[in-house]
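Coordinate inspection notes
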Amino acid sequence: MSVPRELRIMYVRSAPDKLSTLAALRNAAEQKTWDEESTDALIAFSHRLAGSGGSYGFTRLGDAARALEGFLKEGITLPGDAGNLQQYLANLELELRSLAATPLD
């Protein structure tokens, strides 16, 4: 099933808002030392992006969001996990920036 062009354009145009949301959720989680509430908010956001990214044909965005969601659901328990978390967040941000740069013609 193909998504209508108008809907894809709206999705691409929403990328700056999605980037802002990611930054706000990340900041909140970091300030609260990744407490359950802030982590759950980021999991929910990632889950929505995982589904919508794939649905709109932005597979890499969906995959990056799904990877972050999965990592957060597993929990941060090992000393190296903080670095892994930063990488998952950076990957999702990169894919959102790529979405924002998608040509609309």
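So, a few notes on the structure that sits alongside this text. Since the structure is predicted, the reported quantities are computational estimates derived from the model, not experimental observations.

Relative to each other, helix α2 (residues 15-31) and helix α3 (residues 36-55) sit at 155°, their axes nearing to 8 Å. Relative to α3, α2 is oriented roughly antiparallel. The handedness of the crossing between α2 and α3 is left-handed. Only Ser38, Ala41, Leu42, Phe45 and Leu49 of α3 make contact with α2, whose side of the interface consists of Lys18, Thr21, Leu22, Leu25, Ala28 and Ala29. Its residues placed into classes, the contact of α2 with α3 shows 8 nonpolar, 2 polar and 1 charged.

Tallying each qualifying case throughout the model produces 3 aromatic pairs. Considering the side-chain rings of Tyr11 and Tyr56, the 4.3 Å spacing of their centres and the 5° angle between planes classify their relative orientation as stacked. Of this pair, Tyr11 sits in helix α1 (residues 5-13) while Tyr56 sits in the loop between α3 and α4 (59-74); the two residues are 45 residues apart in sequence, bridging distant segments of the chain. Taking 5.0 Å as the distance between ring centres and 35° as the angle between the ring planes, the aromatic pair formed by Phe71 and Tyr88 counts as tilted. Highlighted residues: Phe71 in helix α4 and Tyr88 in helix α5 (residues 81-100), separated in sequence by 17 residues.

So, how was this worked out
Residues numbered from 1 in each chain as written. Predicted model: local features only at pLDDT ≥ 70, side-chain atom pairs only at ≥ 80, totals over all residues. Heavy atoms only, no water. Axes fitted to C-alpha atoms, helices over the stretch in contact; angles between N-to-C directions. Helix = DSSP H or I, 4+ residues; strand = E, 2+ residues; numbered from the N terminus. Parallel < 35°, antiparallel > 145°, perpendicular 65-115°, else oblique. Left-handed = near helix turned anticlockwise from the far one by under 90°. Contact = heavy atoms within 4.5 Å. Nonpolar A, V, L, I, M, F, W, Y, C, P; charged D, E, K, R; others polar. Phe/Tyr/Trp six-rings, centres within 6.5 Å; stacked < 30°, edge-to-face > 60°.

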